[in-house]
Amino acid sequence: MVYTVTGELSHDNANAVVAAGLSAIAAGQSAFDLSALTKIDSSAVAVMIAWQRQAIQKGVQLQFSGYSASLLSLLALYGLNEQFQLHTPERH
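Thresholds, definitions, all that
- Residues numbered from 1 in each chain as written.
- Predicted model: local features only at pLDDT ≥ 70, side-chain atom pairs only at ≥ 80, totals over all residues.
- Heavy atoms only, no water.
- Core = buried A, V, L, I, M, F, W, Y, C linked by side-chain atoms within 4.5 Å.
- Buried < 20%, exposed > 50% of the residue type's maximum accessible area, 1.4 Å probe, protein only.
- Helix = DSSP H or I, 4+ residues; strand = E, 2+ residues; numbered from the N terminus.
- Contact = heavy atoms within 4.5 Å.
- Arc of directions from axis to C-beta.
- Pairing = 2+ DSSP bridges.
- Axes fitted to C-alpha atoms, helices over the stretch in contact; angles between N-to-C directions.

**Focus: the nonpolar core**
Here is a general trend for soluble globular proteins: nonpolar side chains tend to be buried in one another's company.
Item 1. Residues Leu-34, Trp-51, Phe-64 and Leu-71 are the most contacted members of the largest nonpolar core, which totals 23 residues.
Item 2. The leading source of residues in this core is helix α2 (residues 43–58), at six residues.
Item 3. Apart from residues no more than four positions distant in its own chain, Leu-71 is found in contact with Leu-34, Ile-40, Ala-44, Val-45 and Met-48.

Written out as structure tokens, the structure is:
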């Protein structure tokens with residue numbers, strides 16, 4: 001099962017998105033689909049770091065899919081590309 005993050009992920013709602021993701025991790029989720037995000041800012045990186053910390057404490061490896069080029073750029077800007085398991089779907 002995949003946890004799908006939807007809508008906007010910005011400074012305005014980052015705390016709520018963190019809390020929802022942490023609840024999903026606590027419930028056993030490890031796959032996060034980001035394809036339904038309509039807007040992100042640098043808060044998205046902080047949210048992912050918070051999720052990753054929780055997952056590490058639980059001994060779980062998170063996988064992210066559906067991420068945008070904007071998110072990849074932000075992760076690269078902060079030197080965090082290697083910190084996250086980013087799943088690229090196979091092309092057919």
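We are not done yet, so read on.
**Details of helix α3 (residues 69–77)**
Item 1. Along α3, the residues that are buried comprise Leu-71, Leu-74 and Leu-75. Looking straight down α3, one finds that the buried residues subtend no more than 100° of arc, so they occupy a single side. In α3, the exposed positions that point more than 90 degrees away from the buried face belong to Ala-69 and Leu-77.
Item 2. Elements that come into contact with the buried residues of α3 comprise β2 (31–40), α2 and β4 (85–86).
Item 3. Downstream of α3 by one or two residues, Gly-79 has phi in the positive range, about 70°.

**Notes on the sheet that holds β4**
Each strand in a sheet pairs with another by means of backbone hydrogen bonds, the pair being arranged parallel or else antiparallel.
Item 1. On the basis of which strands lie adjacent, the open sheet formed by four strands has the order β1-β2-β3-β4 and parallel pairing. The open sheet terminates on both sides in strands that have one partner only, identified here as β1 (2–9) and β4.
Item 2. In this sheet, β4 lies alongside strand β3 (residues 63–65) in parallel orientation, the contact comprising two bridges. Its bridge partner lying in β4, Gln-63 is registered against Gln-85.
Item 3. Along the sheet, helix α1 (residues 14–26) contacts β1 and β2; its crossing angle with β1, the most-contacted strand, is approximately 180°.
Item 4. Lying on the sheet, α3 is in contact with β2 and β4; it crosses β2 at an angle near 100°.

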